[in-house]
Amino acid sequence: MHRFKYKKGGLHCEGVGLERIAQKVGTPFYCYSLESVREHYRRLRDAFKGIDCQICYSVKSNSNLTLMRQLVRMGAGLDIVSGGELYKGLKVGASPETIVYSSVGKTEAEIRAASSAGILMFNVESEEELEAINRVACHLGKVQPVALRVNPDVKASTHHYITTGTKENKFGISMDDAFRMFVESYRYPFLKFIGVHTHIGSQITEARPFVQTIRKISEFVTRLRRAGMFLEYFNIGGGLGIVYSKEKPQTAHAFAAAVRPLLQKMKLKVILEPGRFISGNSGILVTEVLYWKEARHKTFCIVDAGMNDLARPSIYGAHHEILPVRQRGSSGPAATHVDVVGPICESGDFLAKDRKLVRMRSGEFLAVMSCGAYGFTMASNYNSRPRIPEVVVRGQRFWVARRRETPEDLIRGEEILDV
Ligand code: LLP
């Protein structure tokens with residue numbers, strides 16, 4: 001579900017024509033529909049009505065401050081993975097007691113900052129991390145709530161770079177080790193073990209692996225209770241898939257219906273960490289066609305956005321639909337198979353491969369769909385390219401929520417050392 005639709009032949013975001021935005025801010029740019037963000041959040045929240053559930057939006061998917069602020073205002077907590085995300089979360093006014101912090105490699109400085117801010121809990125991924133958090137809490141003179149991130153060894157059918165819940169992954173702690181750590185929690189006087197966390201991967205389109213995971217965790221929680229442990233929270237993680245092309249992902253409602261009976265039996269407060277589900281279909285990338293090149297064996301549509309702006313196709317072979325911002329009439333030239341490529345000096349620099357596209361002319365715009373999640377947040381300055389602006393739309397209005405970087409931004413913090 002998204003709010004990018006053609007009106008009078010031109011692609012719009014909500015009530016604003018993308019050509020109008022392009023003329024005002026130049027290309028390339030990311031464009032987010034705030035109404036889509038709000039709607040996805042609402043759907044998930046409503047699907048879990050009746051369950052004591054905190055949705056902690058996964059900031060890594062899209063950490064635009066305006067977008068985060070919208071979600072926080074609607075009652076979302078945050079799932080963070082770094083000191084930087086903590087900083088941004090606090091900046092947009094998230095209350096610390098709605099923030100959960102995952103990552104296999106939290107530094108002591110990051111732990112100190114998050115603990116001092118009073119976050120709800122750390123999702124802990126190793127025994128040494130428990131010791132580190134215990135040490136910091138001792139220095140701060142407080143008792144720090146933690147959950148253990150348990151690796152349920154469940155396989156979710158998604159790209160192997162984004163499965164996280166199997167034995168081969170660096171994430172989480174095996175059930176047996178986690179059980180022992182819970183039982184030995186007395187060894188950490190400055191920690192309070194309050195929950196179990198899992199996250200089995202991303203872009204998961206069916207409920208089955210989640211159900212499998214919850215069943216396993218449910219048994220695990222029963223074992224812990226028998227051993228005298230008192231838990232308050234179960235965090236399911238994120239990972240709900242969206243439509244990029246022809247996927248038929250579960251709806252929020254179907255997902256909630258599948259897991260609800262299991263969750264109710266567990267009698268724990270529930271945390272969800274959705275990222276992509278909320279931000280993915282809420283954003284697009286608009287790029288301008290520079291050149292059309294018909295080489296011997298292939299046709300290339302060369303555009304002004306590259307893999308530094310949107311890394312997903314290059315890294316994961318991810319599919320993003322490509323739409324012309326101005327629709328052509330049926331009398332126009334026939335579509336051919338083309339690669340849509342950027343200006344970066346890498347053969348891996350492409351936004352789409354082998355797509356049917358009508359002959360585009362220089363100066364025309366293309367929209368790369370469904371890149372609100374892991375789009376801008378994974379962008380870089382590779383090839384010394386300034387990062388592109390993020391525009392937010394609500395109704396008939398749009399704002400530049402993050403301006404285009406300038407050449408000065410490229411050298412900020414750097415010295416020319418004549419040594
Ligand atoms: N919670 C934890 C602990 C996570 O590691 C992640 C994502 C999420 C929640 C949110 O997952 P989501 O609901 O967005 O699927 N860059 C990749 C995705 C990496 C996901 C990393 N972890 C991509 O572009 O597909």
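Residues numbered from 1 in each chain as written. Predicted model: local features only at pLDDT ≥ 70, side-chain atom pairs only at ≥ 80, totals over all residues. Heavy atoms only, no water.

Colleague: Which residues make up the overall build of the chain, and what values go with them?
Modeller: When helices and strands are counted, the chain shows twelve helices and 21 strands. Here the C-alpha radius of gyration of the chain, 23 Å, is about what a compact globule of 419 residues would show, namely 22 Å. For the chain, the C-alpha atoms occupy an extent of roughly 75 × 60 × 40 Å along the three principal directions. Within the chain, counting contacts between residues at least 6 apart in sequence, those at least 24 apart form 71% of the total. With 59 positive and 43 negative side-chain charges, the chain shows a spacing of 7 Å between the two charge centroids. (Helix = DSSP H or I, 4+ residues; strand = E, 2+ residues; numbered from the N terminus. Rg over C-alpha atoms; globule rule 2.2 N^0.38 Å. Contact = heavy atoms within 4.5 Å. Lys, Arg positive; Asp, Glu negative; His and termini not counted. Charge placed at Lys NZ, Arg CZ, Asp CG, Glu CD.)

Colleague: Explain the sheet that holds strand 3 (residues 16-17) to me, and be specific about the residues and the numbers.
Modeller: Pairing is antiparallel in the open sheet, where three strands are placed in the order 1-2-3. Of all strands in the sheet, those with a lone pairing partner are strand 1 (4-7) and strand 3, marking the two edges. As paired elements, strand 1 and strand 2 (residues 10-13) share four bridges and run antiparallel to each other. Across the sheet, Tyr6 pairs through a bridge with Leu11, a residue of strand 2. (Pairing = 2+ DSSP bridges.)

Colleague: Would you mind going over the packing of aromatic side chains in detail, with residue names and values included?
Modeller: The full count for this structure, using the stated rule, is nine aromatic pairs. With centroids separated by 6.3 Å and ring planes inclined at 25°, the aromatic side chains of Tyr30 and Tyr32 adopt a geometry described as stacked. What makes Tyr30 buried here is its relative accessible area of 0%. Through pairs of rings, three or more aromatic residues link up here, namely Phe179, Phe182, Tyr188, Phe193 and Phe220. Sitting above the plane of the Phe179 ring, Arg223 keeps its charged end 4.0 Å from the centroid. One Lys or Arg, Lys353, reaches over the ring of Phe350 and ends 4.6 Å from the middle of that ring. (Phe/Tyr/Trp six-rings, centres within 6.5 Å; stacked < 30°, edge-to-face > 60°. Buried < 20%, exposed > 50% of the residue type's maximum accessible area, 1.4 Å probe, protein only. Lys NZ or Arg CZ within 6 Å of the ring centre and 35° of its normal.)

Colleague: Summarise the site of the ligand; cite the residues concerned and give the values.
Modeller: In the neighbourhood of the ligand, 20 residues make up the surrounding shell, with Ser202, Glu273, Arg312, Tyr316 and Tyr374 lying closest. In the model, a nitrogen atom of the ligand is placed 3.4 Å from a nitrogen or oxygen of the Asp79 side chain. The separation between a nitrogen atom of the ligand and a polar side-chain atom of His199 is 3.5 Å. For the ligand, the protein covers 92% of the area, taking 590 Å² as the surface of the free molecule. The residue inventory of the shell around the ligand, partitioned by class, reads five nonpolar, nine polar and six charged. (Near = heavy atom within 4 Å. Polar contact = N/O pair within 3.5 Å; in protein donor to acceptor, adjacent residues only side chain to side chain. Areas by Shrake-Rupley, 256 points an atom, 1.4 Å probe, with all protein chains shown as cover. Nonpolar A, V, L, I, M, F, W, Y, C, P; charged D, E, K, R; others polar.)

Colleague: Tell me about the domain arrangement of the chain, and please be specific about residues and values.
Modeller: For the chain, the assigned domains are domain 1 (4-32 + 280-410) and domain 2 (103-272). Of note, the centres of domain 1 and domain 2, computed from C-alpha atoms alone, are 36 Å apart. Taken together, the ten residues of domain 1 in the interface contact eight residues of domain 2. Here domain 1 meets domain 2 over a buried area of about 760 Å², counting both sides, of which 56% is carbon and sulfur. Summed over the shared surface of domain 1 and domain 2, the result is one residue pair in polar contact (both at pLDDT 80 or more). (Domains from an automatic or database assignment. Buried area = accessible area lost by both parts, 1.4 Å probe.)

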